[in-house]
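# Report on the structure
So the chains spell out like this:
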Amino acid sequence: MRPRLSLLAAFLASVASFAQPGAGPQALASGSPSLSESQIRNLFRQVADADLKNDKQQRDYTYLERKEMHTLDGKGRAKSTESKTYEVMELYGSQVRRLVAKDDRALSGDAARKEEEKFHKTVARQASENDRQKREEKSEKQREEDRQFVREVADAYNFHLARIESLDGRETYVIDAEPRPGYQPHLRDAKFLPKFRFRAWIDKSEAEWKKLDIQCIDTVSFGLLVARLHKGSRIVIEQTKVNDEVWLPQHIAVKLDARVALLKEFNVEQDVTYRDYRKFRADTKIVPVGEETAPH
């Protein structure tokens, strides 16, 4: 699943869910370089609709996802670092991930065999028609909830056009969003929105978000274990256009300062990159892990 323009990422880590933009973005792009707040609000709703289409098209692709995790000490210095690379694909209506490398070394021997067994058990389980229907119904419900959530983002913030900037060769609106005083959430998860501010880079010609920089500006408490996300946590998300048809994740950088059950602290940095997007076909060969080439 794709990262939600909200919990504004790990917490928004859902920035996602939406359908084709209309003529609005073109009209905005060809007009004055300044945008009114109502125009920006409308633009965010169009971005939300566009992302739903991307979410659906992403299911037609297989790709590699590399996660690098840094555990930090009290002074922000790395205590340990590890990376894992996964092959990701959509099978039988659900995402399937297969570990292909650790610390940039391809799996081999017992580790490769165990991962292969785990992968095929997951695929066999996903093949159940009843389970598949339930998963698809659950996914559709989640997408609709995400869609409503992201649309509420448009009502939860005051927006300001900071500038127009070229990013990776594409003209973007750079828009700052600050929590709107007196905002009353309509959805349960939306109560977290006033705890975040963000900057968005939105492609002028296509009304797609190119980059999001989301910052936690107040302590967030949630969950049965009373987990707390501390002020200063941050996530930067970037996506890119693939095959001239769809916008897909490119890079995610997370700085997380959190405490779970008021006891265990997590001070970590995570860097996630996505590459080697390929259309996934029904006749695509699913090869054993040992036959994978080592990621680089």
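Thresholds, definitions, all that
Residues numbered from 1 in each chain as written. Predicted model: local features only at pLDDT ≥ 70, side-chain atom pairs only at ≥ 80, totals over all residues. Heavy atoms only, no water. Helix = DSSP H or I, 4+ residues; strand = E, 2+ residues; numbered from the N terminus. Buried < 20%, exposed > 50% of the residue type's maximum accessible area, 1.4 Å probe, protein only. Areas by Shrake-Rupley, 256 points an atom, 1.4 Å probe, with all protein chains shown as cover. Expected span 1.5 Å × (residues − 1). Arc of directions from axis to C-beta. Salt bridge = Lys/Arg side-chain N within 4 Å of Asp/Glu carboxyl O. Pairing = 2+ DSSP bridges. Contact = heavy atoms within 4.5 Å. Phe/Tyr/Trp six-rings, centres within 6.5 Å; stacked < 30°, edge-to-face > 60°. Lys NZ or Arg CZ within 6 Å of the ring centre and 35° of its normal.

### Focus: the overall build of the protein
When helices and strands are tallied, the protein shows 4 helices and 13 strands. Here the protein, with 296 residues, has 44% of them falling under the buried criterion. Within the structure as shown, the protein displays about 15400 Å² of accessible surface, and the carbon and sulfur contribution to it stands at 48%.

### Regarding helix H3 (residues 109–126)
For H3, built from 18 residues, the straight-helix expectation of 26 Å at 1.5 Å per residue is met to within 8% by its first-to-last C-alpha distance of 26 Å. Among all positions of H3, only Ala112, Glu115, Glu116, Phe119, Thr122, Val123 and Gln126 are buried. Taken around the axis of H3, the buried residues stretch over an arc of 130 degrees, which confines them to a single face. Among the exposed residues of H3, those oriented more than 90 degrees off its buried face are Lys114, Glu117, Lys118, Lys121 and Ala124.

### Comments concerning the pattern of salt bridges
Side-chain pairs of opposite charge can arise where the charged atoms are in close proximity. Tallied over the full model, the rule gives 21 salt bridges. One salt bridge in this structure joins Asp104 and Arg66, with 2.9 Å as the shortest N-O distance. Taken together, the positions of Asp104 in the loop between strand E3 (94–102) and strand E4 (105–106) and Arg66 in strand E1 (residues 61–72) put the pair 38 residues apart, joining distant regions of the chain. Residue classification places Asp104 among the partly exposed positions, given a relative accessible area of 34%.

### Quick look at unusual backbone geometry
Of note, the phi angle at Asp103 is positive, near 50 degrees, even though the residue is not glycine. Looking at where Asp103 falls in the secondary structure, it is placed in the loop between E3 and E4. With a relative accessible area of 46%, Asp103 lands in the partly exposed category.

### Focus on the pairing of E3
With 8 bridges connecting them, strand E2 (residues 78–91) and E3 associate as antiparallel partners. Looking across to E3, one finds that Lys84 is bridged to Lys102. Hairpin connection between E2 and E3: a loop of 2 residues separates the two successive antiparallel strands, and Tyr92 in this loop has a positive phi of roughly 55 degrees. Sheet analysis places E3 next to E4, joined by 2 bridges and oriented antiparallel.

### Overview of the side chain of Arg41
Summarising the element assignment, Arg41 is placed in helix H2 (residues 37–58). The class of Arg41 is buried, set by a relative accessible area of 10%. The residues contacting Arg41, other than those within four sequence positions of it, are Ala154, Asp155, Tyr157, Phe159 and Arg180.

### Thoughts on the packing of aromatic side chains
Applying the stated rule across the entire model yields 5 aromatic pairs. Residues Tyr63 and Tyr274 carry aromatic rings whose centres are separated by 6.0 Å and whose planes lie at 55 degrees to one another, so their mutual orientation is tilted. Here Tyr274 lies in strand E13 (residues 264–279) and Tyr63 lies in strand E1, a separation of 211 residues in the sequence. Exposure class is identical for Tyr63 and Tyr274. Each is buried. Look at Tyr157 and Phe198: their rings are 5.1 Å apart centre to centre, the planes differ by 75 degrees, and that puts the pair in the edge-to-face class. Here the residue Tyr157 occupies a position in strand E5 (residues 157–167), and Phe198 occupies one in strand E7 (residues 196–203), the gap between them amounting to 41 residues. Comparing Tyr157 with Phe198, the two get one shared label, buried. These aromatic residues form a ring-pair network of at least three members: Tyr61, Tyr63, Tyr274 and Tyr277. Note that Arg97 overlies the ring of Tyr86, its terminal NZ or CZ placed 4.3 Å from the centroid. The ring of Trp201 is capped by Lys211, whose NZ or CZ atom sits 4.7 Å from the centre of that ring.

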